[in-house]
Amino acid sequence: MKPGQLTSILSMGGLLALGLGLAEARESDFRQPVTIDAGRQLVELAENKVTFSDRVVVKQGTIDVRADRLVVIRTEQGLQSMTAQGSPATYQQILDNGQPVHAEAREIHYDIRARTITLLQDAKLTQNDNIVTGYRIRYHIDREQMEAESQGGQDRVTTIFLPEQLQNLNEQGQD
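Since the model is a prediction, treat every value here as computed from it, not as a measurement.

## Looking at the pairing of strand β9 (residues 145–149)
Step number 1: Two elements, strand β8 (residues 130–140) and β9, share five bridges in a ladder whose sense is antiparallel. Pairing of His-140 across the sheet is with Gln-145, part of β9.
Step number 2: Two successive antiparallel strands, β8 and β9, enclose a turn made up of four residues, where Glu-144 displays a positive phi of approximately 50°.

In structure tokens form, the structure reads like this:
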């Protein structure tokens, strides 16, 4: 890792990445400074890796990520991935429409090249009082597509819609 790359990891790595992006993610969040607060930081220059641990808090605009551990990896081509781990790791953001989105899982992984965010193990995504749970929930940022999976048939994907949202969907379908 060259001098200055650590600064780049910390500023870019701040989880403009973990921004779950959902269709109406607050774009202004991604132009805000990133603050990572942790009890410990380990920089492994030879491996292009920074590990934050001990009650990690990441803030960028309205984005708030909490984890026991955060690993940021960078290659010569740039930022590669970020992984937040916890019991659970959590992600919150206020969308442009003013509604909050909340995600939690034992692991939240952002793959910069694939432009995907994956919630893994005990994954839960809550938006507008709707809830999706499963073993894995993956959001494809470019396609604005979310998929949820069970763990090989051992559990199920569950989605809960509140009656008010169902009524609104029915009314929209009748127009």
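On we go from here.
## Points about the nonpolar core
Step number 1: In this structure, Leu-70, Ala-84, Tyr-91, Ile-108 and Leu-119 are the most contacted members of the largest nonpolar core, which totals 28 residues.
Step number 2: For this core, the secondary-structure elements that each account for two or more residues are β3 (49–60), β4 (63–75), β5 (78–94), β6 (100–111), β7 (116–127) and β8.

## A short note on the pattern of salt bridges
Step number 1: By the definition in use, this model includes six salt bridges.
Step number 2: Across the pair Asp-64 and Arg-66 runs a salt bridge whose closest N-O atoms are separated by 2.8 Å.
Step number 3: Arg-136 serves as the salt-bridge partner of Glu-149, at 3.3 Å between the closest nitrogen and oxygen. In this pair, Glu-149 is assigned in strand β9 and Arg-136 in strand β8, connecting sequence segments 13 residues apart.
Step number 4: When its relative accessible area of 27% is taken as the criterion, Glu-149 is described as partly exposed.
Step number 5: Among the charged side chains, a salt-bridge network with shared partners connects Lys-59, Asp-64 and Arg-66.

Scoring rules and cut-offs
- Residues numbered from 1 in each chain as written.
- Predicted model: local features only at pLDDT ≥ 70, side-chain atom pairs only at ≥ 80, totals over all residues.
- Heavy atoms only, no water.
- Pairing = 2+ DSSP bridges.
- Helix = DSSP H or I, 4+ residues; strand = E, 2+ residues; numbered from the N terminus.
- Core = buried A, V, L, I, M, F, W, Y, C linked by side-chain atoms within 4.5 Å.
- Buried < 20%, exposed > 50% of the residue type's maximum accessible area, 1.4 Å probe, protein only.
- Salt bridge = Lys/Arg side-chain N within 4 Å of Asp/Glu carboxyl O.

Coordinates in, geometry out; function isn't part of it.
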